[in-house]
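Examination of the molecular architecture
Each chain is listed here by its residues.
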Amino acid sequence: MGTMQCEICTTEMQPFETGTILQKYTIQYYHCPHCGFVRTEEPYWLDEAYSDAICDADIGLLSRNVFLFPGIEAIINICLPQSETFLDYGGGYGIFARLMRDSGIPFEWYDRYCQNLFAKGFEKQHDHYDVVTAFELFEHFAEPMKEIENLMALGDNLIVMTTLISNPPPHIKDWWYYVTLHGQHIAFYTERSMHLIAERFRRHYVGCGNIHLFSSEPLPSWKVRLSLSRFRGILMRFKHRESLLSQDYEKITG
């Protein structure tokens, strides 16, 4: 059994448990004793796992975007009100970018694997953005720090959605987020590993549930948490933006 170095903190990782990926490959999971990061062995099965960019079993795709939309809108309008440029990285079918544009926030879309269906005409145009969002991506990274470095370079503020793993980690059969059925989830982060990532890239970190914000300037954590709470509507009354729906329609139709 080989060894593996933790990409987050460079500690030697320890074999943790085996699991069955794609219902046919028995693979090794590793755990970092220092920061708690968990990952699979080198993922030789990814070409097969990504034969479809979005897994058929991901039936929560629409509800996830609908759930994310008001909270991220509030974070931007309440915590990052001066931001003008936005990119949804790994944007899937373009659902989130379209929802945000409908609310007046001019998101652009990028995804190297998936077809843009709902945000056509608003693909990535710039090399740098005020805000970059990356939802359900961190757990897909085969080279986490390399991919995260690319994301940090893209924007001053990075808003991430991923579910953190506990330390010590749960058994493979006891935690749904390993999602061994589709084989695309290969890296899992603890709160400590998120703080270490922020330190590495000189960002300020605030986490709230499965939403994680890496900002270039410190942000009050209470504002982030309020933005994601049911009380956000109180502040959002004064932070309304005009929808881009009509403007976008005119651009597309001429």
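Residues numbered from 1 in each chain as written. Predicted model: local features only at pLDDT ≥ 70, side-chain atom pairs only at ≥ 80, totals over all residues. Heavy atoms only, no water.

An unreviewed UniProt entry lists the protein chain under the name Class I SAM-dependent methyltransferase, with Selenomonas dianae given as the organism.

Here we come to the overall build of the protein chain. Secondary structure assignment for the protein chain yields eight helices and eleven strands. In terms of overall size, the protein chain behaves like a compact globule, its C-alpha atoms giving a radius of gyration of 19 Å where 254 residues would be expected to give roughly 18 Å. The C-alpha extent of the protein chain, read off along each of the three principal axes, is 60 × 40 × 35 Å. The buried share among the 254 residues of the protein chain stands at 52%. Counting contacts in the protein chain only where the partners sit at least 6 residues apart, residues at least 24 apart contribute 62% of the total. Accessible surface for the protein chain amounts to roughly 12,800 Å². Of this, 51% is attributable to carbon and sulfur atoms. (Helix = DSSP H or I, 4+ residues; strand = E, 2+ residues; numbered from the N terminus. Rg over C-alpha atoms; globule rule 2.2 N^0.38 Å. Buried < 20%, exposed > 50% of the residue type's maximum accessible area, 1.4 Å probe, protein only. Contact = heavy atoms within 4.5 Å. Areas by Shrake-Rupley, 256 points an atom, 1.4 Å probe, with all protein chains shown as cover.)

Let us now look at the nonpolar core. Among the nonpolar cores identified, the biggest contains 33 residues, and Phe138, Tyr189, Ile197 and Phe214 are the most heavily contacted of them. Ranked by residue count, the leading element in this core is helix H4 (residues 144-154), at five residues. Not counting the four nearest positions on each side in its chain, phenylalanine 138 is found in contact with Ile148, Leu151, Leu158, Val160, Thr162, Ala187, Tyr189, Met194 and Phe214. Leu68, Phe86, Met100 and Met161 belong to the second-largest nonpolar core, a separate cluster that totals 26 residues. (Core = buried A, V, L, I, M, F, W, Y, C linked by side-chain atoms within 4.5 Å.)

What follows deals with unusual backbone geometry. Residues asparagine 167 and proline 168 are joined by a peptide bond in cis, for which omega reads 10 degrees. Its place among the elements puts proline 168 in the loop between strand E8 (155-161) and strand E9 (187-188). If you check the backbone angles, glutamate 136 has positive phi at about 55 degrees while not being a glycine. Note that glutamate 136 resides in the loop between strand E7 (129-135) and H4.

A few words on the sheet that holds E9. Read across the open sheet, the five strands follow the order E1-E2-E3-E4-E9; overall the sheet is antiparallel. Taken across any chain shown, the strands that pair with only one partner, and hence form the sheet edges, are strand E1 (4-5) and E9. Here strand E2 (residues 12-21) pairs with strand E3 (residues 25-31) via seven bridges, running antiparallel. Its bridge partner lying in E3, glutamate 17 is registered against tyrosine 29. (Pairing = 2+ DSSP bridges.)

Turning our eyes to something else, we now look at the pairing of E2. Two faces make up the sheet, and in a regular strand the side chains alternate between them. Direction of pairing for E1 relative to E2: antiparallel, over a ladder of two bridges. Opposite glutamine 5, over in E2, you have glutamate 12 as the bridge partner. Linking E2 back to E3 in an antiparallel pair, the connection comprises three residues, with leucine 22 at a positive phi of about 55 degrees.

Helix H3 (residues 95-102) sits mainly inside the fold: six of its eight residues count as buried. Against the buried residues of H3 lie helix H2 (61-79), strand E5 (86-89), strand E6 (107-110), E7 and helix H8 (245-253).

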